[in-house]
Structures are given as structure tokens and as C-alpha cells.
Amino acid sequence: VHFQAVQVKPMAGSVAKLRAAREAGASQAQLTTGLGGISSISNSLGLLEMGETGGTGFGGHSAPMAPSLGVLELMDQWIREQMPQVPRLGEPRSPARGRGGHPMTNYPSAGTPSAGAGGHDGRAGRSQDLTAALPDAVANGDVSAEEAENLLDGARVLAPALTQVCSSSPRECWLFVCSLTSALAGFDAHGSTLPIGPLVALGEEVGGRIAASEPALADGMLRDYVAPRICAMLASLPRQRANLLRLLYAFTPANAEARIGAIKLLQAGVTSQPLFLEALSHLVTLDVHAAAAAAHARSDVDILDSSPGLDQWLLDLYSYYAAVGLCKPSPALRAGALHVLWSLSESHPSVALHSVGHLAAMAVEPNIQWEVSASLGALAGTLLFKLDRATEEGADASHVLVGVLATLLAAPAAAHVRASTILAASPVLEQFPELIDLFVAAALALPAEHLSALITGSPLPGIPPEHVSPFSLAAAREGAATTGAFRPLSREWSALAVGRGLAHSVAVNQPEHLSAQHLLLALGVANDAERSPAWQELFYAIKDHLLVSLADEVIAPLSAQAVGLMCAALREDSLAAFSTLGSALKMVFPDGPSVSRDAAQSLLLSLVRLGGPFPLAIKEMFAALPVEVSGAHELAEVHAEIDC
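Sequence order sets the numbering: in each chain, residues are counted from 1 along the sequence as written. With the structure being a predicted model, the display of local features is reserved for residues of pLDDT at least 70 and the display and counting of side-chain atom pairs for 80 or more, all residues being used for whole-chain, interface and lining totals. As a rule here, side-chain values cover all heavy atoms of the structure and leave hydrogens and water aside.

1. A look at the overall build of the protein
Going by this rule: Per the convention used, a helix needs a DSSP run of H or I reaching at least four residues, while a strand needs a run of E reaching at least two, with both numbered from the N terminus. Buried residues are those whose accessible area, probed at 1.4 Å on protein chains only, stays under 20% of the maximum for their type, while exposed residues exceed 50% and partly exposed ones sit between those limits.
A count of helical and extended segments in the protein gives 30 helices and four strands. In the protein, which comprises 644 residues, the proportion classed as buried is 53%.

Structure (C-alpha cells):
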């Protein structure tokens, strides 16, 4: 791979010069267009201030038109208009808490004199920055998180006016960015995630409008105001790094030169190399999505068949940083480099092929760090899923990557790292069946509560909180989740392949009794059961162990659910198992554990209520059982349902 030096030309002139040149050519019609877009929202928003001469404005006075409201006042009036309880949001907060109760004393708020450059026109005295006060209002119960979410989502109708005001004054742009990021920090501090999406979307729309219409002005604002603010906050708001970087890119024109310039600004503003590589992993995702959107928007590209790619300059830059990071001894840097490659591999898997040998060497290191292991597993799984094994290069790389995943699955690891590797391997089990036994063994080695959470996509117990957890686990997370939840394993795996692996494990190891982990896997698999010979074969391979487990009070409820799901899918094809079910009932009634009796009753009721062949089959099974079993008082409801 050959890398070329990237030269980014500095912007000629400051934002102030650009502003002066822009204002000299601005027309009244342009301003009217920018601000008139929200005139229908409220007749009380007096957006234009009129003097003694000129055209006629909202108040009927003749005057030259000039912005009357700043960004804070626009947002304040919007919030007050939408929420009658808004006066409570303006109450003073303790200076020690900062915006949203967050210790942000080093971040000037949007209303402070130090917040921006240039003279102050007195507007801040008329505004309270209620946007930045919303997190406290949500935390205090004045406003619900849902109300704040809807409020900020609706505020996007102000985007044309906010764009015009921000474009007319660098100070207003600074105030806007400070207000949004202060609110973001406040919502993060209070754990209110719902309003964050529309808050960032508002910033993206305003920044995107400026970048699209006046890229030179947007570039200046990015350098002088947006990038310094974002870089200062990245270290202290780890859960919001992706959102902060979305705001950074919002003010970046959508071309390779501008994006590379933004990356260089980020590198200069962030002193931590691991943090910079983490930021790159977020930015490359944004760039890949932007490239895909641009390709799909072209009329000459087939949306289904297109393979959109990054600009070559950007691709070379990301590849270069990843290659450098892989060669560093720091685990955090290596994990960051792996994560950049993982982000690139979604659309450019060939980039990582040059490092396959290095990846294999890393996997067998005796003291591999957990963040490296988690990122390495995610990358190996994604590459295996993407590679074309029909080519010689793809076949060779696949062989090596299967070895990487096999090594990581078999290695001892913390529960959350093992869970990440299991999730990475799950989509490729059908293509590479040699991984199935290792996959099942790794899953059975997880604590039951972790395996249950992994299968269902619930938060993993004891997972490092995201505010201290490296981004190495981000590849396994559910979208932008901040709860510690991974993507549901049951959505990623081939259920039939995992079921066969489970049956093989039980047959080989012959456990005295099944564990909770066995039953959790069986239940997860049974959720995808279908009526087919393959599923019938699987059911009869494990039915004895499942049904005997009804007598174990610890796992009886799981056993009943798994058997019920398999019978419901197989219908008549499951009836041959009812002789074994009858034997299991003799172990439960009349003196078995109460949990087991309840689980068996629940299973029988669910089958009877399914109708079809089950009521008659259960009636015949009861007739063959001793009366002390079939006549147990817990089964009276089952008899009543059958007789109906």
C-alpha cells in the first residue's frame, strides 16, 4: 500500500474577513428568506427589527431589515411557546454544577461574556439559554425526557433562521455550538438519552446548511469555534464522543479536502493518541455512511448493487493511521487501529487484508490485552463475513482469520470480552462450521446471567461502564446504546447451526445434568425453530435431556419454555416425544419441587391451548400415567381445558 502526503491549504483570511465580505453583498431578500421560514410557527417571534426607513416588516414599520433575535433568543422563545411551564427553566443554578449539573467549569456557557469573540449587542441580557437548561428541567421533573425530545425535534423548523443568524455573526455560531454542547453534557450527566438524538440532529442541520451554502465560512467557523469546543469536550464526555464528532462534521463541507482538514484539526486539538484513534473510528463510520448516501442519491447508481466507497485520499489517510497504530506497543493504540480497520472493513475489506498476518500474530500473544482481543475478534468476524473466498487471496485470508477467531474463542477471557468474541463469530458459523464447537464451548463458559443478557440483547452484568470502557466494545454494542447492552446474539447466529453444536456438545460430554447455560442456549435456539426435518432431528437429539430437566427446580422453567417452543413449531412431528414427556411427569408429580410442578403445568397448558393434535395427545398420555400423577391437583386446569 502506497501512501501519499496530504496537503491541506490553510484558509485565506479569518472568519471576520469572510463575514465582512459576505455581509457586504448580503441582500434584504436573502435575510427575509432565511428568517421567514418560521413566520408561520408563531406570530409572536418578532424576528426582524425595523428602523425609520425601508420596507415594511412584521410590525408594519418601514426599516432596513436586520436580525433582531440571536440564536439563544430564537430557541428561548420557541421553548417558551411550546412549554407553558418554561419560566421554571430559567431559575439560577448553582455555579458549581454548571449546565445540567455537569462539572463543566472549564467550558464557558453560551451566555457568559467569555463565550465568544466580538462585541456584545445586548442580546444575552434578553436570553436565558433555556436549551442548555433543559437537562436540569428534565432531572427536576419539570419536563419529561419525552417532552424534551419532542421539543428539540420540533425545533428543527427553526433551522433556516438559525442558519441565517449563525452565518451573519461568528459570535452567534459560537453561542449556538456552546448551547447545544452544554445541553448535551447535561443530558449525559443526568442519564437522559432520549433528547440527545434530536439535539444533535438540530446541530447537524444548521451546520450542514452553512457548509453546503458557504463552505469557506463553515471552514472558518470550524477552525475558530467548533473544533476547539469539540476537542475540549471529547475527553470528559466519552459516552457522547460519537455525537460530538457528528457536530464537528456538520460544519465540515462534504469533500475530501475539507474532511481531511477536519481530521488534522482533531489531531492537533486532541493530545491523547488513543482518543484520536477512537475519534477516527467514529469519523470513518460517518464518512462511509456519507459515501453510501451520495452513491445512492446518484441516478446512475443501482441502490441494491452499488458498492459505494470512500474518496481515495480519505481511504489512504485512514489506512495510514491504522497501520501506524498497529505497530505501537500501547494496547489502547492497537485497539484503536483495529477499530479503524473494522469500521473500514464494512465497505473496504481489502484494506485490512494487508494486515492479516499481523492479526494472526496478535491473536496468539500470551498476554494479549482485553481491549485488543475484543477489537481483534470484531475485525476478524467482519472480514470473514465480507471476504470473497472464491479468490485465492480471499481463501488464504479466510483460513488465517478462522484461526484468529478459534484462538480467541478458546482463550480465557473476562465475560464481556468473551461475549464480544462470541458475537463476532456468530454470523459466520454456517460458512465456517469448524468454529461451531468452539463457539458453543465459549458460550457455555459464560456465567448464566451474561449468556442470558447476550442472547436477548440486555445490559451485561458487570460490563465496564461506558464512561471508562474503551471503544473496543463499540463494535458489539447495539447502535449508540449507552447501557452496556450488546446486539442480541439471537439476531446474529444461525439458530440451527448453534442447536446442532449444542446437541453435539451434550452427546460428547454426557453431562450428568444440563446447566442453566445449556438451557439458555436451547431456549434461544428454540425461538427460531421451524417445521422441517432438520429441526425435527435436532429436537429428538436433545429432547431427553430437556424433558428430564423438568425435574430440576433451577432450570425447569427454561426447559418448559424450550420444549413448548419446539413442539409448537414441529406440531404433529413432535408427538413421538410425548412418551418421554410422560416419564418426566412421573419425576415431577405428585411430590416434585413446586417450581417443577408449576413449570410442567405451564408447558401442558400451553400445548393444550395450541389446539391441533396436542389436546388429544395429552389426554392419551394422561390415560397411560398412574392416577397419582395424572390426578395431581396442579393438573386439574389442564384436564378442564382438554374437556372443553
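This is not the end of the story, as more comes after the structure.
2. Digging into empty space enclosed by the protein
Any empty space left between atoms is shown by rolling a water-sized probe over those atoms. Inclusion rule: Detection works on a 1 Å grid of protein atoms alone, calling trapped sets that fit a 1.4 Å probe cavities and calling open sets with protein on both sides within 12 Å along at least five of seven lines pockets, with lining residues defined by an atom within 4 Å of a point. Grid points are joined across faces, edges and corners, and a volume is the space filled by probe spheres set on the points.
All told, the structure shown has six cavities of 30 Å³ or more when counted by the stated rule. In this structure, the second largest cavity spans a volume of roughly 50 Å³. Along the walls of the second largest cavity sit Leu-502, Val-506, Leu-514, His-518, Ala-522, Ile-542, His-545 and Leu-546, which together make up its complete lining. Elements with a minimum of two residues in the lining of the second largest cavity: helix H22 (495-509), helix H23 (516-526) and helix H24 (533-548). With three residues, the top contributor of residues to the lining of the second largest cavity is H24.

3. Things to note about unusual backbone geometry
With an omega dihedral of 5°, the bond running from Phe-589 to Pro-590 counts as a cis peptide bond. Looking at the secondary structure, you find Pro-590 in the loop between helix H26 (578-588) and helix H27 (594-610). Even without a glycine there, the phi angle at Gln-510 is positive, about 45°. By the element assignment, Gln-510 lies in the loop between H22 and H23. Exposure remark for Gln-510: the relative accessible area of 53% places this residue in the exposed category. Despite not being glycine, Arg-571 has its phi angle at roughly 55°, a positive value. Mapping Arg-571 onto the fold places it in the loop between helix H25 (556-570) and H26. Residue classification places Arg-571 among the partly exposed positions, given a relative accessible area of 24%.

4. With respect to the nonpolar core
Inclusion rule: In this description, a nonpolar core means a group of buried Ala, Val, Leu, Ile, Met, Phe, Trp, Tyr and Cys residues linked to one another through side-chain atoms lying within 4.5 Å. Contact between two residues is taken to exist if any of their heavy atoms lie within 4.5 Å; hydrogens are not considered.
Ile-263, Leu-266, Tyr-318, Leu-521, Leu-585, Ile-618 and Phe-622 are the most contacted members of the largest nonpolar core, which has 193 residues in total. Not counting chain neighbours up to four residues away, the residues in contact with Phe-622 comprise Leu-585, Leu-604, Ser-630, Leu-635, Val-638, His-639 and Ile-642.

5. So, the packing of aromatic side chains
Under the convention used in this document: Ring pairs shown here join Phe, Tyr and Trp side chains whose ring centres sit within 6.5 Å, with only the six-membered ring taken for Trp; geometry is labelled stacked below 30 degrees between planes, edge-to-face above 60, and tilted in between. A ring is scored as having a charge over it whenever the NZ atom of a lysine or the CZ atom of an arginine sits within 6 Å of its centre and within 35 degrees of its normal.
This model, assessed by the stated rule, comprises five aromatic pairs. Taken together, a centroid distance of 6.2 Å and an interplanar angle of 55° make the contact between Trp-174 and Tyr-225 tilted. Taken as a pair, Trp-174 in helix H7 (residues 170-190) and Tyr-225 in helix H9 (residues 215-234) lie far apart in primary sequence, 51 residues in all. Given a relative accessible area of 11%, Tyr-225 falls into the buried group. The positively charged end of Arg-259 is found above the aromatic ring belonging to Tyr-249, 4.0 Å away from the centroid.

6. Side note on the confidence of the model for the protein
This is how it is decided: The pLDDT score gives, residue by residue, the confidence of the prediction method on a 0 to 100 scale.
On average, residues of the protein score 80 in pLDDT, and 77% of them reach the 70 mark or higher. With pLDDT under 50 throughout, residues 466-471 is counted as low confidence; its partners more than four residues away or in other chains account for 18 contacts.

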